[in-house]
Amino acid sequence: MHTGPQYTSTQPQPGGGGGRGTALLLGGIAFAVVFLLIVSVTIGYLVLRPGSSTSASETSSATSASPAQTESSSPEETGTSTPTDVEAERCWSPERHERTSTNPSGKLRGGGLQFIPPPVYDARSVPIGASFSNDLQGAQGLVEDSWYSNAFVGAVEWQPGLEYPGAEVASSTIVNCFYSANIWGDTKGRSLDDVVTEPVTVAGMPGYRTTGIVNFAHAPMERTSASELMAVVLETPQGPSVFMTETAVGVEEHEDAADEAYASLTGIS
């Protein structure tokens, strides 16, 4: 037994456990460093690569948004969009009235209707102020100066893009639009009174007739101070057609002429 101080040697002893432990420690540290480098490089690639998505939900959203973006192309780009809504004009008329009928001998024809013009209505013209109609043909009788009574026929033509409302609405609308037209010269304070719309049948053709009196608070004419309006819209084989009169009230020969013209009204055989 030694009685003096004892010292521990710092040099590894052959066959001892200190060398093996150090090697294992260094190997573990090296493995950890390499592992961390591999993980860091992998994460950096996934995060920083161009166009990468951060989650599956974001990828799904981006994919589902693509068709909507394609469908949202403007009409100017696609060139295939057409308007679905048409703004109704209160008293629509074609930009140009076109004559498509030919008058038979002794009669005036327009649309699917024709009538015999009274002898006192010896002037011929396309009426002014007629809305929702085309293929017009009219006869006029002079009251005085530049004031006339009128009778005319034509095809009912509704505003494109809007459904034709039928004879009842058409006859009422045509009368109201004629009253509203800028055709009444120097008269003032006019009103449309005694308006009546009723069903009629003419020459076997069903339809509606609207009548009303245009009264003037001031009229420069001497023979009349009012005009009677009548619009008869009938369903003819050629389509809805209108017969209309504007008659100077109190001018007896014109009142009789309007009755004669209406009595002669027929379809096209």
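Before reading further, recall that the structure is shown in the block above.
Overview of the structure. (Residues numbered from 1 in each chain as written. Predicted model: local features only at pLDDT ≥ 70, side-chain atom pairs only at ≥ 80, totals over all residues. Heavy atoms only, no water.)

## Quick look at helix H5 (residues 252-263)
So, step 1. Between its first and last C-alpha atoms H5 spans 17 Å; for 12 residues at 1.5 Å apiece the expected length is 16 Å, and the two agree.
So, step 2. If you check which residues of H5 are buried, you get His-254, Ala-257, Ala-258, Ala-261 and Tyr-262. All buried residues of H5 lie within an arc of 135 degrees about the axis, which places them on one face of the element. Projecting away from the buried face of H5 at angles above 90 degrees are the exposed residues Glu-252, Asp-259 and Ala-263. (Helix = DSSP H or I, 4+ residues; strand = E, 2+ residues; numbered from the N terminus. Expected span 1.5 Å × (residues − 1). Buried < 20%, exposed > 50% of the residue type's maximum accessible area, 1.4 Å probe, protein only. Arc of directions from axis to C-beta.)

## What about the sheet that holds strand S1 (residues 108-110)?
So, step 1. Strand order in the open sheet formed by 3 strands is S1-S2-S10, with antiparallel pairing between adjacent strands. Because the sheet does not close on itself, it has two edges, and the strands there are S1 and strand S10 (266-267).
So, step 2. The pairing of strand S2 (residues 113-115) with S10 spans 2 bridges and is classified as antiparallel. Pairing of Leu-113 across the sheet is with Gly-267, part of S10. (Pairing = 2+ DSSP bridges.)

## Focus on the pairing of strand S4 (residues 133-144)
So, step 1. The buried fraction of S4 amounts to 11 of the 12 residues, a majority that puts the element mostly inside the structure.
So, step 2. Two elements, strand S3 (residues 123-125) and S4, share 3 bridges in a ladder whose sense is antiparallel. Opposite Ala-123, over in S4, you have Gln-140 as the bridge partner.
So, step 3. Relative to strand S5 (residues 147-156), S4 runs antiparallel, the two sharing 9 bridges. Bridged to Ala-139 within S5 is Ala-151.
So, step 4. Hairpin remark: S4 followed by S5, antiparallel, with 2 residues in the connecting loop; positive phi at Asp-145, about 45 degrees.

## Some details on the sheet that holds S5
So, step 1. With antiparallel pairing, the 7 strands of this open sheet are ordered in space as S3-S4-S5-S9-S8-S7-S6. Looking along the sheet, the strands with just one partner apiece sit at the ends: S3 and strand S6 (188-202). Within the sheet, the average angular offset between the axes of one strand and its neighbour, ignoring direction, is 15 degrees.
So, step 2. Strand contacts of H5: S4, S5, S6, strand S7 (205-218), strand S8 (226-236) and strand S9 (239-248), with the helix running at about 165 degrees to S9, the strand carrying the most contacts. (Axes fitted to C-alpha atoms, helices over the stretch in contact; angles between N-to-C directions. Contact = heavy atoms within 4.5 Å.)

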